[in-house]
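Per-entry structural report
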Amino acid sequence: MKVEVFPSDLQGITVAPGSKSAAQRMVACALLARGKTTINEYPDSRDCKVALDVAQALGAVVTVKGNVVQIIGGFPNAFLSGIRNPKEEVFCGESGLSSRMFIPIAALHDQLITFNGEGSLLSRSFSSFENVLPQLGVLFESSDGKLPVKVTGPVKNGIVEMEAIVSSQFLTGLLMALTRAGGESVIHVKNLMSKPYVEMTMQILERFGGQITQRDFKEFTIQPTQLNPQTIRVPGDWSGAAFLIVAGVLCAEKGIRIENLETEFAQADQAIVSILQEMNADIQVEENAIVVKASDIKAFEFDANDCPDLFPPLAALASFADGVSTIYGVKRLINKESNRGKTLQQEFAKANIRIILRDDEMKIYPAHIAPAIINSHNDHRIAMAAAVLGVAGARMTIKGAECVNKSFPEFFQTLQGLNGKVNIFT
């Protein structure tokens, strides 16, 4: 799919998509729970569909009616009659979270289960499990640290030492699985990044009855418990909304309002609000909504180690600032859908924007934005960042724009609804 985005004066009201990070965690908890869980406002994104497929492959009964999902769990399957045995092979599409989260859960079984995927997921690292899962009695085999990987359980409770510098998703999977490991477990974590995502994991687990305590995000104690089914609603996604918020700050003279942005569960990318407030941008925080208007943009410095998904919208924002901006945490971008730091550098250069990568920092030099043809590199956040350059600067032609289906399928239609000038060619 190709999309053309033109400079626009954004205005109007829209609704943020559902959080795929929260939705996938809810599916995992529903799989582990005994009984029927109902998840309302379930997103239609590709990663969220993958999570449902994985849950089914691991023994859940899943029913989808519109944006309402019902999941009958009971894990292991002996807790509830009629649950199928897990499949021998589980396919995770391109979802980093689903693959890393469900691998330890699958290891609760004593049979060999193979996890595989496609596209960019095949190049992403799973090596963090190589030392961790054997500490819990699990046989783990990978292809040089990558998919396909094989696990044979069952997971045993115990004391675990792990590094979490690559991704917090490995810790999320362990926290989920160890609620069902039969005894108290303790995880000692070094170099944990993206703490808000771990906080979200704990909040959702606790909603289902999980019992986890943490000390300075360095030590996690997990009590064994039977998770209880819930009726729960997926909150709005701050990660996807960040692109709309930035676009509004850049080119919404009359303002835009983005609804469905509550704060019930921790989301790392809520940090976009504090960044813009520090820049004195015209942004108002209302109950479950954000209102933004066009503002003069000051150069900024920001440490994005805990929220690396903000790099693309912040890079777009910095392109219109009054000076050179610096974002720290570039090393967190290597194992994304693309090598996101280098992709931003390469693709933004086509629009006359200079980005310098040095060690762990990215410097963005403001420029007069030039029309460009942008390759998404099959990375949803690169495509959305290019669209921000388009509505705020100059015409952008985005190739491979269908990659937004991974997290925000209606992104370009949402821009159109906000008076954005967008042509979509399928």
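These remarks concern the structure in this document. Just so we're clear, the structure is a prediction, and the values are computed from it rather than from any experiment. (Residues numbered from 1 in each chain as written. Predicted model: local features only at pLDDT ≥ 70, side-chain atom pairs only at ≥ 80, totals over all residues. Heavy atoms only, no water.)

**Describing the sheet that holds strand β14 (residues 231-233)**
Defined as follows: Two strands form a pair only when DSSP identifies at least two bridges running between them. By definition, any uninterrupted DSSP run of H or I lasting at least four residues is a helix, any uninterrupted run of E lasting at least two residues is a strand, and each is numbered from the N terminus. Only the stretch in contact is used when a helix axis is fitted, and all axes are lines through C-alpha atoms; the angle between N-to-C directions ranges over 0 to 180 degrees.
The sheet built from 4 strands is open, its strands ordered β4-β5-β3-β14 with mixed pairing. The open sheet is flanked by β4 (61-65) and β14, the only strands paired with a single partner. The mean inter-strand angle of the sheet, taken between neighbouring strand axes irrespective of direction, is 20°. Where strand β3 (residues 36-40) meets strand β5 (residues 68-72), 4 bridges bridge the pair, whose relative direction is antiparallel. The partner of isoleucine 39 across the bridge, within β5, is valine 69.

**Comments concerning the nonpolar core**
Using the following cut-off: For the purposes of this section, nonpolar cores are sets of buried Ala, Val, Leu, Ile, Met, Phe, Trp, Tyr and Cys residues that join through side-chain atoms within 4.5 Å. Accessible area is worked out with a 1.4 Å probe on protein chains only. A residue is then buried under 20% of its type maximum, exposed over 50%, and partly exposed in between. Contact between two residues is taken to exist if any of their heavy atoms lie within 4.5 Å; hydrogens are not considered.
The biggest cluster of nonpolar side chains holds 78 residues, and the ones touching the most others in it are Ile272, Leu317 and Phe412. The element best represented in this core is helix α7 (residues 238-251), accounting for 11 residues. Among all residues touching leucine 317, those that are not within four sequence positions of it are Val246, Val249, Leu250, Leu276, Met279, Ile297 and Phe300.

**A few points about the packing of aromatic side chains**
Put simply, the test is: The pairing test for Phe, Tyr and Trp rings, Trp by its six-membered ring, is centres within 6.5 Å, and the orientation test on the planes gives stacked under 30 degrees, edge-to-face over 60, and tilted for anything in between. Ring-over charges, as used throughout, are those where CZ of Arg or NZ of Lys falls within 6 Å of the ring centre and within 35 degrees of the ring normal.
One pass over the structure, following the stated rule, counts 7 aromatic pairs. With a centroid separation of 4.8 Å and 85° between ring planes, the pair formed by phenylalanine 129 and phenylalanine 170 is classed as edge-to-face. Linking phenylalanine 129 in helix α4 (residues 128-135) with phenylalanine 170 in helix α5 (residues 169-178), this pair joins segments that are 41 residues apart in sequence. Seen from their ring centres, phenylalanine 408 and phenylalanine 411 are 5.4 Å apart, and the 70° between their planes marks the pair as edge-to-face. An aromatic cluster is present here, built from Phe126, Phe129, Phe140 and Phe170 joined pairwise through their rings. Here the guanidinium or amino end of lysine 2 rests over the ring plane of phenylalanine 425, the centre of that ring lying 5.3 Å away. A cation over an aromatic ring shows up here: arginine 100 above the ring of phenylalanine 126, its NZ or CZ 5.4 Å from the ring centre.

**Remarks on helix α6 (residues 195-207)**
What counts here: By definition here, a helix of n residues has an expected span of 1.5 Å times n minus one.
For α6, which comprises 13 residues, the first-to-last C-alpha distance of 18 Å matches the rise-based estimate of 18 Å (1.5 Å per residue) to within 8%. All of the buried residues along α6 are Pro196, Tyr197, Val198, Met200, Thr201, Met202, Ile204 and Leu205. Those residues of α6 that are buried are in contact with α1 (20-32), α5, β12 (211-215), β13 (219-223) and α7. Glycine 209 sits one or two positions beyond α6 and adopts a positive phi of about 105°.

**Description of the side chain of glutamine 169**
Inspection of the secondary structure puts glutamine 169 in helix α5. Looking at glutamine 169, the relative accessible area reads 18%, which means it is buried. Sequence-distant contacts of glutamine 169, defined by excluding residues within four places in its chain, comprise Gly96, Leu97, Arg100 and Met101.

**A look at the sheet that holds strand β6 (residues 89-91)**
The strand order across the open sheet formed by 4 strands is β6-β7-β9-β8, and the pairing between neighbours is mixed. Looking at strand neighbours, the two that pair on one side only are β6 and β8 (139-143), the edges of this open sheet. Recorded for the sheet is a direction-independent mean angle of 20° between the axes of neighbouring strands. By the bridge criterion, 4 bridges tie strand β7 (residues 112-116) to strand β9 (residues 146-152) in an arrangement that is antiparallel. Directly across from leucine 112, in β9, lies its bridge partner threonine 152.

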